[in-house]
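Topology and contacts: notes
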Amino acid sequence: NLTLGAGSVYAAEVQGAVSDRVVVTGTAALAGTLRLLPLGGTYVFATPYTLLTAAGGASGAFTRVETQGSFGDGVTTRVADTGADVQLTLVPAPLAPIVTQQAATRPALSLAASGNAYAVALGLDRAVAAGGDPSSLFALYNLPASAIPAAVNRGDQSTCTNTWPSPRLRRC
């Protein structure tokens, strides 16, 4: 059995497609903090990372989830308890609000560039909302917010493809 009290911290490293995993043969009582430690690598969206498995079930929940480091400003995290597992899922954040916010705070970003970046970001957001998997564009989502508008505007070879979500969105 495992008991994580209110002052406990479970630091889980996530690197590429793998993560730390605690396997409990009995029950797990959860509280305290879950600290996510991104170590780099090729991450994917919508594929759960199982951070804890309890054969006898898990009760309670982490009262705080924090990330030490960054998966990127275009990435959000979702932690779910399935009754026996604690799973982390990386979720793409909408890019259009990031581009809009950056254009408002960076007057040097030309109106044409910010308009194109917004249009591309909005197209990506719509494709994701329609069920598209942007994992092949993780490098784009992984960037700091200040770099996202320029990356979607110029369509870096490292952040765009010919096929997803539409060749029309490619600006390489």
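Attention here is on the structure that accompanies the text. Computed from a prediction, not measured in an experiment: that's the story for all the values here.

What counts as what
- Residues numbered from 1 in each chain as written.
- Predicted model: local features only at pLDDT ≥ 70, side-chain atom pairs only at ≥ 80, totals over all residues.
- Heavy atoms only, no water.
- Phe/Tyr/Trp six-rings, centres within 6.5 Å; stacked < 30°, edge-to-face > 60°.
- Helix = DSSP H or I, 4+ residues; strand = E, 2+ residues; numbered from the N terminus.
- Buried < 20%, exposed > 50% of the residue type's maximum accessible area, 1.4 Å probe, protein only.
- Pairing = 2+ DSSP bridges.

Another point: the packing of aromatic side chains. Applying the stated criterion to the full structure yields five aromatic pairs. Taking the centre distance of 6.4 Å and the plane angle of 35 degrees together, the rings of tyrosine 10 and phenylalanine 62 count as tilted. Within this pair, whereas tyrosine 10 is found in strand β2 (residues 9-15), its partner phenylalanine 62 is found in the loop between β8 (58-60) and β9 (64-67), the two being separated by 52 residues in sequence. There is no split in this pair, since tyrosine 10 and phenylalanine 62 are both buried. For the pair phenylalanine 45 and phenylalanine 138, a centre-to-centre distance of 4.7 Å together with 35 degrees between the ring planes defines the contact as tilted. With phenylalanine 45 in the loop between β6 (33-38) and β7 (49-54) and phenylalanine 138 in helix α3 (residues 138-141), the pair connects residues that are 93 residues apart, well separated along the chain. We note that phenylalanine 45, like phenylalanine 138, is buried. Taken together, Tyr43, Phe45, Phe71, Phe138 and Tyr141 form an aromatic cluster joined through their ring pairs.

A few words now on the sheet that holds β2. Working definition: the strands of a sheet are paired by backbone hydrogen bonds and lie parallel or antiparallel to each other. What the four strands build is an open sheet, ordered β3-β2-β6-β9; its pairing is mixed. Looking at strand neighbours, the two that pair on one side only are β3 (18-19) and β9, the edges of this open sheet.

We now examine the pairing of β2. Side chains of β2 alternate between two faces, with Tyr10, Ala12 and Val14 buried and Val9, Ala11, Glu13 and Gln15 left unburied. When β2 meets β6, the two strands line up parallel, connected through six bridges. Residue pairing in the sheet places alanine 12 in a bridge with leucine 36 of β6. Between β2 and β3, which pair antiparallel and follow one another directly, the connecting turn spans two residues, one of which, glycine 16, has a positive phi of 60 degrees.

What follows is about the pairing of β7. Counting buried residues in β7 gives five out of six residues, a clear majority hidden from the surface. In terms of strand pairing, strand β4 (residues 22-24) meets β7 through three bridges, oriented parallel. When the sheet's bridge partners are listed, valine 24 is paired in β7 with alanine 54. As judged from the four bridges shared by β7 and strand β11 (residues 85-92), these two strands associate in the antiparallel manner. Bridge assignment links threonine 50 to a residue of β11, and that residue is glutamine 87.

Next up on the list: unusual backbone geometry. Backbone geometry places alanine 46, a non-glycine residue, at a positive phi of 65 degrees. For alanine 46, the position within the fold is in the loop between β6 and β7. Looking at alanine 46, the relative accessible area reads 60%, which means it is exposed.

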